[in-house]
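Spelled out, the chains give:
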Amino acid sequence: MQNKNCVTIEEQQEGMLNKYALVLTCIKGLGVKTFSYLIPEEMKPVIKIGHPVLVPFGRMGLINAYVVGFSNYLAEGIKAKNISKILDDTPIFDIKYLKFLEWVADYYFCNIQNVIECAVPMKFLNGVQKTQSEKFVEFKTFEGATKRQLEILELLKSKGQTRLIDFEKQAKTTRATINKLETLGCVKVFEQELFRNPLEIFKQQELEPFPLLMPEQEHVYEEIEKRLGSFCSILLHGVTSSGKTEVYFKAIKKVLEQGKNVLFLAPEIALASVLTQRLSRRFGTEKTAIWHSSISEGEKFDVWNKIKNNEINILAGARSAVFAPLKNIGLIIIDEEHESSYKQTMPAPRYDARKVAEKLAQLNDCPLLSGSATPDINTYYKALNSGNLLELKKRYNDYPMAKVRVIDMREEHFRANHGVFSRALVSAIEKNLRDKKQTIILMNRRGFSTYTQCLACGEVIQCPKCAIPLIFHFQTQTLKCHYCEHEEPLVTTCPKCGSDALRNCGTGVQKVEIIAKKLFPDCTIERLDSDAMAKKNQHIQILNDFRNGKIDILIGTQMLAKGLDNPNVTLVGVINADNGFNLPDFRSCERGFQLLTQVAGRAGRGDNPGEVYFQTYNPEFFGLETAKNQDYLSFYKTEIEAREDFDYPPFSQIIRIVISSKNQFRAERSAQEIAMRLKNILEQHALIEPVELLGPTSCVIERLQEHYRFQILIKNKLGQKGHRFVLSFVKQIKLPEDIKLIVDVDPIDIL
């Protein structure tokens, strides 16, 4: 029988006193569902929450499932079937972990089933993923061996246990020879479970020693060390290249010495890969693991099992790693904590890994250590007012900050330069190439151009499903929508008037790459963006080549601004530096400032001073000026005043309700009705001021994936009380099937 209510977790972790087990299944066509099954008497003493089980399911026969709860009651008239088998003696997760997932569901206004589907790799349920084994060989004795066999045995003895396939190549021998040696008793050939380790590519690296910390770093580390062993939320605000990572590493070393484990989050896959490579060089690959969406299902399966068996001490990864069932956590680190990539926007749960990590740290009674050169305004405000703000104000080894020059592109146009690159930036790149130094160029827009327009009638080619222009991609010669993934061949005639006067307008990163290759034909240029990451580990190869000096100019989107530490980079250029400041969102100024400050920090991280060029059409803008001066404090003081004046976070919590339908009228009417009902309830409880209601209005992107969208914004100034009030209201909303409702708690944008 399917449990139609939200899964509730009984305090009883074991099934001994219960009749039924609630199991989670993943059925093709049905998705993730929970059902009740009878617990056979012989299973009652052993069955626990988190156990993988086999259960009968109609014509599908036996299917895999997880136990997520227990009960003694079943609806009248329903006959439950027996659980057939417990698949593993060790539960995949425990009640503490399940309660953690239940908190996520409650906070983000979604079903626990959605959270479990996000947290637990549901493909493991179908039984397709299995452990793999491989043959190994080890030396036993020299007795009875021939002269040639003795040579093989000497080599094997020196190597110890080794993979059979590798040893055959090293010894230049055959399987038949190894079989003869096994018959003689000289060697032992055996099967051993293979760990499909995503870090295998880093395995041959020699471990690096820990460097001595600078006095400022040592002081910060000592403050962190004092806080180990209990929960607190620490912010490490350090200027770019101040050595935050070395502070993290020394803290990790201390936590490992205490016999505890570490969770280390990075905002994106590319940065997580760079971070894990550095962790592997310092701590080795045996007890270090990585978790993100780009590793294979087999690798995920093996890493999950290692985590489950408490064989992983350091887990690094992107936002989804926060759900890995890592045990005995002594420290959680969030690097580049200001990044919006920590928030999942689609699908549910729309969680923020930073908030979830904070809850996880509370449950493990350990510190949450967040670090950034440009912290999120909310994080800085809370750390400042809680006494948990630690600062690194100088670059490592007292290296100077890169000098930033703002180029007014209006003057460039006035002087008849209508190109993407200013003359000053071209000259600086040419000098950098002569000096054998490396350059980073940031253009924070994917694709070749921003829209395709007919010059005859003015028509802009739009996505047929969304109210936004299609983006031209040069390599595939296609027009793409970056919201719904619609793709079509590049049109040659206008669909409205039939004219062939079509022009790709605006500038994307692919266009910048092509222009750069024409301007600097004798150097090596590569591009790093999400379109260049289609192949597994391709981004690692590009970053390794750049680090090893094989790439002269690296062009890319915002991922270039995150965590790249290359001492040979002495020049950074930003095309259209004012792009991010102009979005209709209260966080747009903060995001623009963070991006520019971060990318400027990639230059001059070694013995050679750095230079940075911001190309802009609005050089007087406040956010641009503070980014030029790398002055976070001035930016924070101005921004926090504006936030307080308008009751934006951290002085409120934003809850966004989006109502959508293929029928525009029905979507708008439903949004109005919901807003009216909520307003009436708020007035009845005298909460109209502390829980402020804005809207409904059309979303900035009015139509997405064929659905017309309207939003209601709620500014909750009552904390948990207001959150619970809105949650109880949302639970009562009943809508027809053609109307969709999305609730986004702490949204990262309101587009």
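Everything discussed here concerns the structure shown above.
What counts as what
- Residues numbered from 1 in each chain as written.
- Predicted model: local features only at pLDDT ≥ 70, side-chain atom pairs only at ≥ 80, totals over all residues.
- Heavy atoms only, no water.
- Helix = DSSP H or I, 4+ residues; strand = E, 2+ residues; numbered from the N terminus.
- Rg over C-alpha atoms; globule rule 2.2 N^0.38 Å.
- Buried < 20%, exposed > 50% of the residue type's maximum accessible area, 1.4 Å probe, protein only.
- Contact = heavy atoms within 4.5 Å.
- Areas by Shrake-Rupley, 256 points an atom, 1.4 Å probe, with all protein chains shown as cover.
- Lys, Arg positive; Asp, Glu negative; His and termini not counted.
- Charge placed at Lys NZ, Arg CZ, Asp CG, Glu CD.
- Phe/Tyr/Trp six-rings, centres within 6.5 Å; stacked < 30°, edge-to-face > 60°.
- Lys NZ or Arg CZ within 6 Å of the ring centre and 35° of its normal.
- Pairing = 2+ DSSP bridges.
- Axes fitted to C-alpha atoms, helices over the stretch in contact; angles between N-to-C directions.
- Salt bridge = Lys/Arg side-chain N within 4 Å of Asp/Glu carboxyl O.

(A) Inspection of the overall build of the protein chain at higher detail. The number of helices and strands found in the protein chain is 20 helices and 30 strands. At 29 Å, the protein chain has a C-alpha radius of gyration in line with the 27 Å of a compact globule built from 751 residues. If one aligns the C-alpha atoms of the protein chain with their principal axes, the spans along those axes are about 90 × 75 × 65 Å. Looking at the protein chain as a whole, 53% of its 751 residues qualify as buried. Taking as baseline every contact in the protein chain between residues at least 6 positions apart, the subset at least 24 positions apart corresponds to 75%. For the protein chain, the accessible surface area stands at approximately 34400 Å², while carbon and sulfur atoms represent 48% of it. Where the 99 positive side-chain charges of the protein chain centre and where its 91 negative ones centre are 4 Å apart.

(B) Highlighting the packing of aromatic side chains. Using the criterion set out here, one finds 20 aromatic pairs in the structure. Between Y107 and Y108, the ring centres sit 4.8 Å apart and the planes meet at 75°, which makes this aromatic pair edge-to-face. Y108 matches Y107 in its accessibility class, with the two residues each being buried. Each ring, one from F622 and one from F635, has its centre 6.0 Å from the other, and the planes form 10°; the classification is stacked. Of this pair, F622 sits in helix α17 (residues 622–628) while F635 is found in helix α18 (residues 632–645), placing the two residues 13 residues apart along the sequence. By way of ring pairs, the aromatic residues Y380, F593, F622, Y632, F635 and Y636 are connected into one cluster. The positively charged end of K188 is found above the aromatic ring belonging to F190, 5.7 Å away from the centroid.

(C) The sheet that holds strand β28 (residues 691–704), seen in detail. Pairing is antiparallel across the open sheet formed by four strands, whose spatial order is β28-β29-β27-β30. Only two strands of the sheet have a single neighbouring strand rather than two, namely β28 and β30 (740–745). The sheet shows a mean angle of 20° between the axes of neighbouring strands, taken without regard to direction. Strand direction decides the pairing type here: β28 and strand β29 (residues 707–716), joined by eight bridges, are antiparallel.

(D) Seen up close, the side chain of K437. Its location among the elements puts K437 in the loop between α13 (423–434) and β17 (438–442). The buried charged residue K437 lacks any salt bridge partner; its closest oppositely charged side chain belongs to D435, at an N-O distance of 7.7 Å. Contacts of K437, omitting those with residues within four sequence positions, involve N432, D552, N568, T570 and N608.

(E) Layout of the sheet that holds strand β21 (residues 487–489). Reading across the sheet, the three strands line up as β19-β20-β21 and stay open at both edges, with antiparallel pairing between neighbours. In the strand order of this sheet, the two ends are held by β19 (471–473) and β21, each with one partner. In this sheet, neighbouring strand axes are inclined to one another by 30° on average, regardless of whether the strands run parallel or antiparallel. Relative to strand β20 (residues 478–480), β19 runs antiparallel, the two sharing three bridges. Paired with I471 across the bridge in β20 is K480.

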